[in-house]
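Understanding the architecture of this molecule
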Amino acid sequence: MATYTATHTAEDEPKLGDEGTMSFLDHLDELRKRLIRSALFIGVAFVLCWVFSDRIYNFLQVPVRAAMLEAKRQYAPPFGGTPLAISDLPDGTDVTFPIPSDAKIGNVLIPAGNTVPARVKREADGTVQLVTSSYWLINDRTIVEKDTVIPPALYQSSAEMISQNNQLVVGTVQGAFNLYIKVAFYAAIFFAVPFLLVQVWGFVAPGLYPHEKSYAAPIIIMASLFFLLGCAFAYYIAFPRAANFLLGVATGGNLRPLVTADEYFDLIIIIMLGLGVVFEIPTITFFTSRLGLVSPGLLLKVWRYAVIVIFIVAAVLSPTTDVPNLLVFAAPMLVMYFLSVIIAWVFHRRRQTEKEYQDSERKDT
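The following refers to the structure shown.

Thresholds, definitions, all that
Residues numbered from 1 in each chain as written. Predicted model: local features only at pLDDT ≥ 70, side-chain atom pairs only at ≥ 80, totals over all residues. Heavy atoms only, no water. Pairing = 2+ DSSP bridges. Helix = DSSP H or I, 4+ residues; strand = E, 2+ residues; numbered from the N terminus. Axes fitted to C-alpha atoms, helices over the stretch in contact; angles between N-to-C directions. Polar contact = N/O pair within 3.5 Å; in protein donor to acceptor, adjacent residues only side chain to side chain. Buried < 20%, exposed > 50% of the residue type's maximum accessible area, 1.4 Å probe, protein only. Parallel < 35°, antiparallel > 145°, perpendicular 65-115°, else oblique. Contact = heavy atoms within 4.5 Å. Nonpolar A, V, L, I, M, F, W, Y, C, P; charged D, E, K, R; others polar. Phe/Tyr/Trp six-rings, centres within 6.5 Å; stacked < 30°, edge-to-face > 60°. Core = buried A, V, L, I, M, F, W, Y, C linked by side-chain atoms within 4.5 Å. Salt bridge = Lys/Arg side-chain N within 4 Å of Asp/Glu carboxyl O. Left-handed = near helix turned anticlockwise from the far one by under 90°.

Turning our eyes to something else, we now look at the sheet that holds strand S6 (residues 115-122). Taken together, the three strands give an open sheet; going across it, the order is S3-S6-S7, and neighbouring strands pair in antiparallel fashion. Looking along the sheet, the strands with just one partner apiece sit at the ends: strand S3 (94-98) and strand S7 (128-132). Within the sheet, the average angular offset between the axes of one strand and its neighbour, ignoring direction, is 45 degrees. Pairing of S3 with S6 involves five bridges; the strand directions are antiparallel. When the sheet's bridge partners are listed, Phe 97 is paired in S6 with Val 116.

Bringing the side chain of Ser 224 into the picture now. Residue position: Ser 224 is located in helix H7 (residues 216-252). In this structure the side chain of Ser 224 is engaged in a polar contact, spanning 2.9 Å, whose partner is the backbone oxygen of Ile 220.

Let us look at unusual backbone geometry. One non-glycine residue, Asp 147, adopts positive backbone phi at about 65 degrees. Considering the arrangement of structural elements, one finds Asp 147 in the loop between strand S9 (142-144) and helix H4 (153-156). Its relative accessible area of 44% is what places Asp 147 among the partly exposed residues.

Attention now moves to the packing of helix H1 (residues 24-51) against helix H2 (residues 53-60). The packing of two helices is summarised by the inter-axis angle and the distance between the axes. Packing of H1 against H2 brings their axes to within 4 Å, and their N-to-C directions diverge by 75 degrees. Taken together, the axes of H1 and H2 are roughly perpendicular relative to one another. Residues Cys 49, Trp 50 and Val 51 of H1 touch H2, and the partners they reach there are Ser 53, Asp 54 and Ile 56. Here the contact of H1 with H2 is built from residues that sort into four nonpolar, one polar and one charged.

This brings us to the packing of aromatic side chains. Counted under the stated rule, the structure contains 15 aromatic pairs. Linked through ring pairs, Tyr 57, Tyr 180, Phe 185, Tyr 186 and Phe 265 together constitute an aromatic cluster.

The buried fraction of helix H9 (residues 281-290) is high, at eight of ten residues. Among the residues of H9, those classed as buried are Pro 282, Thr 283, Thr 285, Phe 286, Phe 287, Thr 288, Ser 289 and Arg 290. Taken from the residues just after H9, Gly 292 is the one with a positive phi, measuring 80 degrees.

Membership of the largest hydrophobic core comes to 65 residues, with the highest contact counts inside it found for Tyr 57, Val 64, Leu 168, Trp 201, Tyr 264 and Leu 275. Sort the elements by how many residues they give to this core and H7 lands first, with 14 residues. Setting aside residues up to four positions removed in sequence, Tyr 57 forms contacts with Leu 168, Leu 179, Tyr 180, Val 183, Ala 261, Tyr 264 and Phe 265. Formed by 16 residues, the second largest nonpolar core is a distinct cluster that contains Ala 103, Ile 110, Val 120 and Ile 150.

Before going further, it helps to spend a moment on the pattern of salt bridges. By the definition in use, this model includes six salt bridges. Close ionic contact of Arg 32 with Asp 29 constitutes a salt bridge, the shortest N to O distance being 2.7 Å. In this pair, Arg 32 and Asp 29 both sit in helix H1, three residues apart, roughly one turn of the helix. The class for Arg 32 is partly exposed, based on a relative accessible area of 43%. Since its relative accessible area comes to 30%, Asp 29 is described here as partly exposed. With its nearest N and O atoms 2.7 Å apart, the salt bridge here joins Lys 182 to Asp 266. With a gap of 84 residues between them, Lys 182 in helix H6 (residues 175-204) and Asp 266 in helix H8 (residues 261-278) connect regions that are remote in the sequence. A relative accessible area of 31% means that Asp 266 is categorised as partly exposed.

Before going further, it helps to spend a moment on the packing of H9 against helix H12 (residues 323-347). At their nearest, the axes of H9 and H12 sit 9 Å apart, and the two run at 25 degrees to each other. By the criterion of interaxial angle, the relationship of H9 to H12 is roughly parallel. Two packed elements cross with a definite hand, and for H9 against H12 that hand is right-handed. Contacts from Ile 281, Pro 282, Thr 285, Phe 286, Ser 289 and Arg 290 of H9 reach H12 at Met 336, Tyr 337, Leu 339, Ser 340, Ile 343, Ala 344 and Phe 347. Per-class residue counts for the contact of H9 with H12 are nine nonpolar, three polar and one charged.

Encoded structure:
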């Protein structure tokens, strides 16, 4: 039997017995209600995230595609000559233009990488275009006439076209569908974090004194912000450094990494969610210090063991084995831990019963 205070104002809080207690079955019933609400909210969020799953994944794959492009630039063999933009070439210059992406001519699909004999053509208004310099025979049946204008989009957005060559791959026919299912599911959990925290608090709150329930708003806001901060740190700082290291090792060793979309998504989700949870250390410390369960003295007393645990967790989260990347993951955890010491020092107090709290409030006034 767990003892609860008998004073409640929220309508969704569980009803207590005459003695302010809940039975074990009452606990299970309350847990069931909270789980059902959480599942329904995640289900609705999943439907919404499914609609935008392709955009969500495009956002998540930016770090690895940037790392793949950077690895190619860093380890590509040098080639003599000075790079020139098409606008820098004189009028009538003959060039060999490689198609940077798949293009359609008539009913024929021209794969990326095919070269087109072209010539630079300057219009009277100064516009620079590429036109075919001769007839072009494709697959023995399609002829592109001479002086056909090559779509400017193919060479004016070259940076975007280069990035398209770093597309991740799926290994099966249903791979893309399964991937977007996972993307929508984890995105739904991400966006549902504040609601899930509300449900966790709703389950825990009946066991607190009335004055302790006022911590709900700051704890939920603080937990949501720190979770978002941890995910942002993983996306913008931790994972790009790890990806640059891993892809650099492969490219530097004359290996071509075949990065599958499914494996990459699993990796970045583990890192983002892992660091998101790690960044909750200050929130947990705030809550437990307000309840008198954790003191700054205790955190300082066990700091050596905490550092060891932090480095173990960092080694698990980090996908690499080098020390610099390990420190990228461990450093924010150390900052969060010692920030927690400050939080405990500011907010720690001995836990008071409701009567003790009311008496202290009357003395203060």
